[in-house]
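Here is how the chains run, residue by residue.
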Amino acid sequence: MEKFEDGLKFAYLEVKPVIHTFVFELKKQWKKFVGFLVISVLIVVLQSFILYALFSDSLLPTTHSDYLSGGLIFLTSFIILFASCFFFAGIICAEFSDKTGYILFPKINKYKLIIGKYLGNLFLEAGVIAIFYFLVGFLSYFFYDQFSGTLLIRYFISFVFAFLYMIAMSSFVTFFSSFMRSVNVTIVSTILILFIGFNISQMFLMMLAPEIEPIYSLSYISTLITSILLIEFPDPNYSEISLQNFTFRTWLTPTIEMGLLVLFLYITIGFILAAYLFKRRQL
Amino acid sequence: MMGPVKPGGGFQGQNFLLIFLIIVIIIVVIIIVYFVIKKRKKKKGQEKLREHAYKGIKSREDIKSIYTPTGTSTSENKNEKNDTMIKLENLTKYYGKYLAVDNVSFEVHSGEVIGLVGPNGAGKTTIIKMIAKLLRPSSGRIWVRDNQGELKDLNKKSRNLVKLGFLIDIPAFYKDMTAYQILKYSALLQRYPREKINDRIDELLKIFDLIDWKHEKVKTFSKGMTQKLGMIQSIIHDPEIIILDEPQTGLDPLARIDIRRIIKEFHRNGKTIFVASHMLAEISEVCEKIALINFGVIIAFDTIDNLERGLRTSGLNCKLLDPISPDQLGSIIKKLTERLEPYLDKDLDVLVSKIPIKYIPQKRSFKIFYDTTDSKQTRAEILKILVKEFESDFTVVSFSKPKKSSQLEQIYSRLIAEDKVEIELSKGGVN
Ligand SMILES: Nc1ncnc2c1ncn2[C@@H]1O[C@H](COP(=O)(O)OP(=O)(O)O)[C@@H](O)[C@H]1O
Ligand SMILES: [Mg+2]
């Protein structure tokens with residue numbers, strides 16, 4: 001028993017620097033959090049409330065789930081992307097380019113440092129997403145009846161997917177940050193890849209090899225976040241259009257298992273590679 | 001826009017434009033508000049900067065309170081045998097192909113104040129970064145003492161090394177954080193007891209005269225203030241070994257004196273200090289031993305007294321009217337060595353020079369290291385020989401021994417200069 005307690009104490013001492021870093025990171029980044037929060041709240045209120053309140057007859061989606069998925073589009077296609085880039089682009093490379101790391105590295109194990117910083121930023125970003133979800137859900141009460149049981153559960157699952165998608169993107173950006181020289185270059189290049197690169201490659205794939213599902217693409221995976229809200233999950237998960245003797249296939253959304261797997265791979269591989277490169281990286 | 005069409009999304013083309021416009025407006029508003037706030041804050045900071053005038057570090061009693069003495073006093077420590085705190089062993093560092101630190105070995109003992117002195121680019125910061133584990137050595141090892149008094153290889157994982165404090169290069173902090181936040185984080189990371197942290201921070205900020213700036217963001221700090229903050233973070237956890245890289249950079253003369261006083265106070269309390277500087281005068285007063293470094297090579301490592309003694313040797317400068325042509329040089333030096341043999345310095349320190357007679361083309365002069373046992377007599381004899389027997393080879397215009405006055409500074413510049421000349425000569429020889 002005593003041994004166990006000693007073990008606990010030891011573990012606590014080991015974890016302490018991570019906690020200190022986590023708290024420090026929250027203090028350091030809270031301004032970004034406030035910024036994203038303000039933008040999110042404004043967008044939600046404008047898009048999901050004022051717009052429908054003003055033009056309720058013509059614009060209001062017919063079903064509750066359509067309303068929700070429409071309200072979440074800004075989150076999935078812009079907010080998560082930009083938040084990940086802005087919170088995480090500097091997480092490693094700024095320590096080198098601003099030389100702030102010279103003061104920290106002798107004091108703390110680099111793995112603990114990166115874990116603390118990573119968790120701190122994730123916490124803030126998750127806060128933005130949670131508030132976004134809460135607001136969209138809350139505002140839907142003004143236009144529809146109460147959530148039906150299934151839809152509420154779906155809405156929660158959708159939140160979990162959005163959360164995982166956010167972590168995957170953050171890991172991806174963290175990985176970039178671990179070998180890039182400057183914060184701005186990291187922001188620009190990750191936005192280009194995540195926002196445009198994936199979509200363009202998806203388009204090429206659609207033309208060249210339509211039978212291959214673009215599961216590598218995070219933006220394709222992100223469609224799960226809103227399609228999970230549909231009471232009838234699309235099956236098959238693609239639609240086909242035949243033109244003369246050629247068939248175009250549009251992939252709508254990945255299966256849930258595939259989505260989870262890909263997100264999990266992005267999260268773990270991105271972070272582990274980033275941590276390793278950070279550990280190895282010198283000035 | 002993002003991938004395939006969202007199935008059944010309530011999102012039509014016409015409202016997209018509307019939403020987009022609204023968002024652009026929001027963003028513009030946010031940006032304007034941000035800049036207005038920023039400008040107002042900046043003004044406030046500048047006013048404060050003006051109010052702030054340097055008052056200097058408080059009395060010695062104040063400074064004293066920032067250390068826990070290490071127990072044994074310095075003089076006792078020196079006699080102990082196994083009291084090495086840091087040991088560098090054949091430390092070498094390449095930046096790509098560039099050799100920045102070349103096979104450096106020395107030891108720092110408990111309670112010593114060691115100065116690492118060399119011109120800019122000599123490799124001082126590189127050595128310190130390797131001790132701080134910011135850089136991996138290309139080869140060689142660094143040992144640091146642990147709490148049990150054993151030396152541990154820095155490369156291997158070991159928990160309880162003696163506490164080290166670092167000030168590396170020009171320190172840089174997170175710009176948006178306050179001095180207090182940064183110092184608290186530093187102290188917590190180094191396991192300084194939480195309940196004592198606030199007092200400790202106040203105390204140090206007072207001593208360095210930054211207490212008014214405790215809750216100001218670091219980006220409003222001047223260069224000198226940032227440097228002081230760097231100094232504070234290096235000693236916030238009361239370390240046993242303090243490693244300072246150019247602590248005087250960016251500081252005004254008064255603050256420089258304060259830095260020296262603080263180093264002395266550390267020393268008095270038995271701390272081990274390793275300080276790098278390109279200005280010998282800044283640290284010679286506080287250092288017991290000096291390691292002179294140039295081009296990554298330690299060219300001397302000794303106490304200041306010994307350095308002075310060793311170098312006072314006896315280099316005679318003998319300036320000539322006309323330069324000696326390279327093809328004659330060999331034979332003339334040979335003849336000189338033969339003729340002056342009885343008067344030359346027999347046990348010349350190789351660190352000073354490898355050969356007793358040197359020709360320095362840039363200065364158009366010979367440097368002759370002579371035996372100082374009967375110095376006046378010897379000099380007279382040498383002069384006689386040079387003038388009489390070498391009349392046909394060259395004409396002596398002046399004949400001087402190095403001035404004694406600004407000894408240490410001269411030693412430094414001379415050592416470095418000679419090092420350079422030798423390197424240049426050897427380069428010229430190769431070509
Ligand atoms: N990151 C680096 N990459 C390449 N060369 C470097 C790097 N850092 C330092 N150097 C070179 O190594 C030499 C030693 O530098 P440094 O240790 O900073 O000298 P000091 O601190 O004595 O002025 C210099 O010639 C410098 O140009
Ligand atoms: Mg330097």
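Residues numbered from 1 in each chain as written. Chains lettered and ligands numbered in written order. Predicted model: local features only at pLDDT ≥ 70, side-chain atom pairs only at ≥ 80, totals over all residues. Heavy atoms only, no water.

Novice: So, the overall build of chain B: which residues are in play, and what are the values?
Specialist: Each helix and strand counted, chain B has 13 helices and 14 strands in total. Across the 431 residues of chain B, 46% fall into the buried class. Sequence-distant contacts in chain B: of pairs separated by 6 or more residues, those separated by 24 or more amount to 72%. Element-wise, carbon and sulfur atoms account for 55% of the exposed surface of chain B, whose accessible area totals about 22100 Å². (Helix = DSSP H or I, 4+ residues; strand = E, 2+ residues; numbered from the N terminus. Buried < 20%, exposed > 50% of the residue type's maximum accessible area, 1.4 Å probe, protein only. Contact = heavy atoms within 4.5 Å. Areas by Shrake-Rupley, 256 points an atom, 1.4 Å probe, with all protein chains shown as cover.)

Novice: Could you give me a rundown of the sheet that holds strand 10 (residues 297-303) of chain B, with the residues and numbers involved?
Specialist: All names here are of chain B. Strand order in the open sheet made by the six strands is 6-7-8-3-9-10, with mixed pairing throughout. Both outer strands of the open sheet, strand 6 (164-167) and strand 10, are each paired with one neighbouring strand and no more. On average, adjacent strands in this sheet sit at an angle of 15 degrees to one another, irrespective of strand direction. The strands touched by helix 8 (residues 253-268) are strand 3 (113-117), strand 7 (241-245) and strand 8 (272-277); relative to strand 8, the strand with the most contacts, the crossing angle is about 155 degrees. (Pairing = 2+ DSSP bridges. Axes fitted to C-alpha atoms, helices over the stretch in contact; angles between N-to-C directions.)

Novice: Any chance you could break down the interface of chain B and chain A for me, citing the residues and the numbers?
Specialist: Accessible area lost upon the coming together of the parts is a frequently used measure of interface size. Each partner contributes to the interface: chain B provides 46 residues, whereas chain A provides 57 residues. Regarding the contact of chain B and chain A, the summed buried area is about 4700 Å², with carbon and sulfur atoms giving 68% of it. Inspection of the region where chain B meets chain A yields zero salt bridges. Where chain B touches chain A, the interface holds seven residue pairs in polar contact (both at pLDDT 80 or more). Among the secondary structure elements, those contributing two or more residues to the side of chain B that touches chain A are helix 1 (13-51) and helix 5 (179-189) of chain B. It is helix 1 of chain B that provides the largest number of residues to the side of chain B that touches chain A, a total of eight residues. Broken down by class, the residue content of the side of chain B that touches chain A amounts to 26 nonpolar, 11 polar and nine charged. (Buried area = accessible area lost by both parts, 1.4 Å probe. Salt bridge = Lys/Arg side-chain N within 4 Å of Asp/Glu carboxyl O. Polar contact = N/O pair within 3.5 Å; in protein donor to acceptor, adjacent residues only side chain to side chain. Nonpolar A, V, L, I, M, F, W, Y, C, P; charged D, E, K, R; others polar.)

Novice: Let's hear about a nonpolar patch on the surface: which residues, and what values?
Specialist: All names here are of chain A. The grouping of Val 188, Leu 192, Ile 196, Ile 200, Phe 204, Met 207 and Leu 208 at the surface amounts to a nonpolar patch, some 690 Å² of accessible area in total. Relative to the helices and strands, Met 207 is located in helix 8 (residues 183-208). Relative accessible area serves as the criterion here: at 46%, Met 207 is assigned to the partly exposed category. (Patch = residues over 30% accessible without salt bridge, like charges linked within 9 Å, V, L, I, M, F, W, Y side chains within 5 Å.)

Novice: Which residues make up the domain arrangement of chain B, and what values do they have?
Specialist: Domain annotation of chain B identifies domain 1 (64-302) and domain 2 (315-400). For domain 1 of chain B versus domain 2 of chain B, the separation of C-alpha centres amounts to 44 Å. (Domains from an automatic or database assignment.)

Novice: Any chance you could break down the nonpolar core for me, citing the residues and the numbers?
Specialist: Counting 160 residues, the largest nonpolar core has Leu 194 and Leu 218 of chain A together with Leu 88, Ile 243 and Phe 274 of chain B as its most contacted members. Ranked by residues supplied to this core, first place goes to helix 6 (residues 110-140) of chain A with 13 residues. Residues in contact with Leu 194 of chain A, not counting those within four places in the same chain, are Leu 81, Cys 85, Met 169, Phe 172, Val 173 and Leu 218 of chain A. Counting 18 residues, the second largest nonpolar core, distinct from the first, contains Leu 340, Tyr 359, Ile 385 and Phe 390 of chain B. (Core = buried A, V, L, I, M, F, W, Y, C linked by side-chain atoms within 4.5 Å.)

Novice: For the site of ligand 1, give the residues involved together with the corresponding values.
Specialist: Residue and element names in this part refer to chain B. Around ligand 1, the neighbouring residues are Tyr 95, Tyr 98, Ala 100, Pro 119, Asn 120, Gly 121, Ala 122, Gly 123, Lys 124, Thr 125 and Thr 126. Between an oxygen atom of ligand 1 and a main-chain N or O atom of Gly 121, the distance comes to 2.6 Å. A distance of 2.5 Å separates an oxygen atom of ligand 1 from a polar side-chain atom of Thr 125. Taken by itself ligand 1 offers 560 Å² of open surface, and the protein chains cover 62% of this. At the level of secondary structure, the elements contributing two or more residues to the shell around ligand 1 comprise strand 2 (98-109) and helix 4 (124-131). Here the element with the most residues in the shell around ligand 1 is helix 4; it accounts for three residues. Of the residues assigned to the shell around ligand 1, the class counts are five nonpolar, five polar and one charged. (Near = heavy atom within 4 Å.)

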